Amino acid sequence: MVNNLLLLVSCFLSSYSASDNLIRLSGSNEPCSGRVEIYYSGVWGTVCDDLWDLNDAAVACRQLGCGPALYALPLAQFGQGTGPIWLDNLGCSGSETSLAVCGHNGFGIHDCGHHEDAGVICSMSLPKPNITIQPIGVVMWGQDVQITCSISGGEVEGSSIFTKTPGPFTQTVNSSSNSATLYIPKVTFTDEGDYQCQFKVRISSIDFSTNFSSDVPLYIKGEIANLREEGLYKCQFQRRVSDKYFNTSFSDSVQLTVFLQKPNITLDPAGLVSIGQTVNITCSVSEGQEGGSFIFKKTSGQIIHVVNSSSSSASFQINQVSLVDHGSYQCQFQRKSFNQDLSTNLSDSIQLNVSLPKPSITMDPAGIVTFGDLIAITCSVLTQYLGGSFTLQKTTGSFTKTQQSSTNSSTFRFLEANNNHEGNYYCYYQKDLYHQTLTSPNSDSVTVSVSDN
């Protein structure tokens, strides 16, 4: 209710000052920010941003009763106005009582368009800041966290105040821009809570503060166990009585067993791979699991490769892939710890899709063809598999022609070139392999142009 009352009072002051001092702000939901408009000769008009600076903005904000100026904004940042452009090349010192008494070209004299309308943000309209956290979601114990507080608008020097509930936590971060970041290295459970921030700026020895931002939660998941912590654990209770210590017997033992996390698998290059290309499959585990064996498997077969590594990743390279390599792959990590062999679960699977290579296309003669000449278009493909079919198609119309070949190329001939042959042509190659018909990508295109000369 108090905030609503303050807003009504602010709006009243703004509208009163506008009618009394012939100035108003438009294009914003905030009463103390917007496009600057002045009233002259019975018509509202705008101010050009030529020479528009913080001194000019200070005069405008004072006229409106909106406190000191924060930003002098050019280029119609609150939208383009309509009607006349009343003032251009303003030269306020900052102490004037109104824009009209500042130096300027004269009312209505300008060389501007409404895309250059000037705007202001006054201190009484400091926006509520936005707060973000990285990483997003549940954070692991021991991770580094960044919480950023930012306000909209241009660059302004100030400070961000971060608070946390529950607890007495408060920290101030100074910044020369419109955002500041709180760094929390290696978070622990004491860092958990809901964080807010507030932006504060000092203008003319006076501090102005925004409202607090919304909350952003920081939830922490328990400390990550590592292999060094495996083993049997038991506990004992001790108490001091009359300067003497009394101990219980040790409890029964509990076993802490640490399981390795599932590895990640990637393929380079990703997507469709042509026969003959080189492919790398990489398997990686999280830090702290260095040193062991990476096992690569094809889901439809047996182990295909084992790589021993002293790091947290290893790669398996397939040189000159063939259709036999087509399929899905997974990997697994193994290492020895405390005289026992530990294995991860299999990774997710990645798909290696192998296709016939893209054919090349040539035309003889090249360039413009004379009416009645022979045209020969040759489609060829670099592959170890000979034989198959080549299809020539025109990009427009219904023309298509398929020819069988016992080699890796085929030539399509037009015996007497005429205007019907004009157009763009491309080809593709098909081959029956491993009980399936494989189709290559389309070739680039060639253009047939026929001349009467």
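Quick caveat, the model's predicted, so the values are computed rather than measured.

1. Examining the pattern of salt bridges
Part 1: One pass over the full model with this rule turns up four salt bridges.
Part 2: For the salt bridge of Lys358 with Asp444, the shortest nitrogen-to-oxygen distance reads 2.8 Å. Taken together, the residues Lys358 in the loop between strand S29 (350-355) and strand S30 (360-364) and Asp444 in the loop between strand S37 (436-439) and strand S38 (446-451) connect sequence positions 86 residues apart.
Part 3: Given a relative accessible area of 43%, Lys358 falls into the partly exposed group.
Part 4: Taken together, the shared-partner salt bridges in this structure form one network comprising Arg24, Arg35 and Glu37.

2. As for the pairing of strand S11 (residues 170-175)
Part 1: Where strand S10 (residues 158-165) and S11 come together, six bridges link them in antiparallel fashion. By the bridge assignment, Gly158 is partnered in S11 with Ser175.
Part 2: Counted along the chain from S10 to the antiparallel partner S11, the turn is four residues long, and its residue Gly167 has a positive phi close to 115°.

3. Re the sheet that holds strand S32 (residues 375-380)
Part 1: As summarised here, the arrangement of the three strands in space is S30-S32-S35, forming an open sheet in which the pairing is antiparallel. With partners counted over all chains shown, the strands left at the sheet margins are S30 and strand S35 (409-414), one partner each. On average, adjacent strands in this sheet sit at an angle of 20° to one another, irrespective of strand direction.
Part 2: As paired elements, S30 and S32 share five bridges and run antiparallel to each other. Directly across from Asp364, in S32, lies its bridge partner Ala376.

4. Brief notes about unusual backbone geometry
Part 1: Backbone torsion omega between Gln134 and Pro135 reads 0°, so that peptide bond is classified as cis.
Part 2: With respect to the helices and strands, the residue Pro135 is situated in the loop between strand S7 (130-134) and strand S8 (139-141).
Part 3: Across the junction of Asp364 and Pro365, the peptide omega takes the value 5°, indicating a cis bond.
Part 4: Looking at where Pro365 falls in the secondary structure, it is placed in the loop between S30 and strand S31 (368-370).

5. Remarks on helix H2 (residues 54-64)
Part 1: Counting buried positions along H2 yields eight of eleven residues, so the element is predominantly enclosed.
Part 2: Among the residues of H2, Asp56, Ala57, Ala58, Val59, Ala60, Cys61, Gln63 and Leu64 are the ones counted as buried.
Part 3: Among the residues of H2, the N-terminal cap falls to Asp53, whose side-chain oxygen and the backbone nitrogen of Asn55 are separated by 3.1 Å.
Part 4: Taken from the residues just after H2, Gly65 is the one with a positive phi, measuring 70°.

What counts, and where the lines are drawn
Residues numbered from 1 in each chain as written. Predicted model: local features only at pLDDT ≥ 70, side-chain atom pairs only at ≥ 80, totals over all residues. Heavy atoms only, no water. Salt bridge = Lys/Arg side-chain N within 4 Å of Asp/Glu carboxyl O. Helix = DSSP H or I, 4+ residues; strand = E, 2+ residues; numbered from the N terminus. Buried < 20%, exposed > 50% of the residue type's maximum accessible area, 1.4 Å probe, protein only. Pairing = 2+ DSSP bridges. Axes fitted to C-alpha atoms, helices over the stretch in contact; angles between N-to-C directions. Polar contact = N/O pair within 3.5 Å; in protein donor to acceptor, adjacent residues only side chain to side chain.

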